[in-house]
Amino acid sequence: MKMGKMFAAFAAICVVLGTAGMVSAHQTWMDIDAMCIDLGDTVDVRLTEGHSFIPEGAPPFEVSAELVDPAGAITPLNKTGEDEFYWHSGFDADQVGLYAILGLHVDERWWKVYTGPGSIPDRPDYLYTYFPGEVNWSEIDKTNWADDWHVVRHYKPYKYSKAFVSTNCNFYGTDRAFEQPLEIIPLDDITTVGTGDFEFQVLWNGMPLPNGTIKITGIKDRETKVSAICDDEGKATLPLNISCDWLISANAADDSAYWDGEYDDTLPHGENYTGPGGFVGNDHRATLTLLEIREGDTVTMRAEIRPGIRFSVTPAYLDFGELDPGDVSDPETVVIQNMGSKDLKATVEVTDTNGLYTEGLYMDSSLWNEFEMVVMKDNHASPNAELRVPGDFTGSGEMEGTIIFWAEAI
Amino acid sequence: MKLKTVGILILSLFCCLLIFASCVYGIGIGVNPAKMEFEIGTGENVQKNITVSNPESAELGYQVYIENRSIDWIKISDPEFSLEPHQKKQITVQFTPTADEVGEFDAKICVVTLKPGGGFNIGSGVKIPVHITIEKSAIPFYTNHIIIVLIMSGLLIILLYVRRLRRS
């Protein structure tokens, strides 16, 4: 019953969208509000599926997304909700630079069947019918099907999506691969999209597929689409001459251009079919969402200048444990992380009221007041602190003291 | 019953570990500029800004002071304050050297944060070297009383002369 409803819904979509050749499969793409955002903004990440850049529903079955932050760290984006059109997630953009958002939608298996002209009464020139999931071929009404009907493809769709946001409106680095299995890479500056020819490269596991395998399409809306076939370097140029949001999609150029699977001559077919059989395997398609850099996005310029000196010392507390006079503690490692724009000279200052630390604290085997260390910018140092309790120390109980790590630019 | 007790113990231990883990953080500080160098005349007043930032994910208290605490002609606008995680604050340092301070002068402005508590605590601080060239200010001519009187007298004479010319 559920299968029947799904088929009816899909058939309805096919009727609406069908053309003389074949209906295009659902696309899944990443939807965001803007590519230029402010530092600290919360980015709403949405995945949707539909046709011609028009959302029709939240992608069903397996959906996931991950974020590559400006530092290159990859974190999964958890689903935060779902509504009629979108799978929702999001993140706080608290770093300066470029974020890449990567989506994956693995749909259920589909059958693409050549059923011939007139097989769908309302669309007499429509040649193909799609079926999701398991199909009981003996129970399907084939009254209007051609006697050479046959399965063209039986495939599991893998749909990769990608979008970029930047907290400083600098999109340097978008022309690198983010290791999606099938990935569209914009080779030109994405802030210029809509101003003319734009070159893309499509890679499969980091390598181009043979010339003619991949068709890449720029989609503005149902009426405005431009396409090109990728060459043996995976490259193709699209004339994106209209300043607007563009969805770029890439998929197999035609039914003979599938690469992840093989032909099977045992698939169901009509009695007069004599062809080689159908393709059985995986269907991989990719999308890249490129939003117009809107005026509101560009009037504000910002830059985060690192302070001359910025550093952090961890841990915030040193515990040398229980010691007797004359004992030497285990070394405690202190990490000095230089996060500023200048190299640092680090020294320490120790104060106490009992002489324990001022007389017994050693840094890297030198008494604390002889310690000096250079910490280069974007680097860290890990000196060891050690407490040598003087043999004649008479105090007892918890001993208080303070060590301050001083930094000075060099 | 025994299992329940063990479960509660494990849960308590886990909570303690979580609480402990949430308390562990570094002691950090950000300061700009890293050094200062300027010229000033005696009797003049120069103000310089220092931005102090907290790079940590916990609130920290900060102190700003001159290393040589006997210097009384350098004033800090906010010698003590707290900063929320990743917050920054601009403080003003006011320099008003007296006539006795003529020459090259070096000082260090110290900005320090420390997590107070029992035992042996760690703090982090920045020393900003300040090099000041203090020059004896020349008295501007317009502040000399005799010159002012002469100028005023000259203007008065010109005014009277112009009036007389108009009447004739």
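Please read these numbers as outputs of a predicted model, since none were measured by experiment.

Here we look at the overall build of chain B
(1) Moving on: Check the secondary structure of chain B and you find two helices and nine strands.
(2) Moving on: In chain B, the order of α-helices and β-strands from amino to carboxyl end is α-β-β-β-β-β-β-β-β-β-α.
(3) Moving on: Counting the 168 residues in chain B, one finds 34% classified as buried.
(4) Moving on: Taking all contacts inside chain B whose residues are at least 6 apart in sequence as the whole, residues at least 24 apart take part in 66%.
(5) Moving on: A total of about 10900 Å² of accessible surface is found on chain B, and carbon and sulfur atoms cover 60% of it.

With respect to the sheet that holds strand 28 (residues 380-381) of chain A
(1) Moving on: The strand order 28(A)-23(A)-20(A)-1(B)-3(B)-7(B)-5(B) describes an open sheet built from seven strands, whose pairing is antiparallel. Lying at the two open borders of the sheet, with one neighbouring strand each, are strand 28 of chain A together with strand 5 (74-76) of chain B.
(2) Moving on: Note that strand 5 of chain B and strand 7 (residues 88-95) of chain B share three bridges and pair antiparallel. Bridge pairing in strand 7 of chain B links B:I74 to B:F95.

Observations regarding the pattern of salt bridges
(1) Moving on: A full pass over the atoms with the stated rule returns 16 salt bridges over all chains.
(2) Moving on: We note a salt bridge from B:K127 to B:E67, for which the minimum N-O separation is 2.9 Å. Here the residue B:K127 occupies a position in strand 9 (residues 120-135), and B:E67 occupies one in the loop between strand 4 (60-66) and strand 5, the gap between them amounting to 60 residues.
(3) Moving on: A relative accessible area of 15% means that B:K127 is categorised as buried.
(4) Moving on: Judged by its relative accessible area of 39%, B:E67 is partly exposed.
(5) Moving on: Through salt bridges with shared partners, a single ionic network connects A:K112, A:R153, A:D255, A:D283 and A:R285.

Description of the confidence of the model for chain B
(1) Moving on: Mean pLDDT over chain B: 80, with 79% of residues reaching 70 or higher.
(2) Moving on: Within the model, the stretch residues 9-24 of chain B combines pLDDT values under 50 with zero contacts to residues more than four positions away or in other chains.

Calculation notes
- Residues numbered from 1 in each chain as written.
- Chains lettered and ligands numbered in written order.
- Predicted model: local features only at pLDDT ≥ 70, side-chain atom pairs only at ≥ 80, totals over all residues.
- Heavy atoms only, no water.
- Helix = DSSP H or I, 4+ residues; strand = E, 2+ residues; numbered from the N terminus.
- Buried < 20%, exposed > 50% of the residue type's maximum accessible area, 1.4 Å probe, protein only.
- Contact = heavy atoms within 4.5 Å.
- Areas by Shrake-Rupley, 256 points an atom, 1.4 Å probe, with all protein chains shown as cover.
- Pairing = 2+ DSSP bridges.
- Salt bridge = Lys/Arg side-chain N within 4 Å of Asp/Glu carboxyl O.
- pLDDT = per-residue confidence, 0-100.

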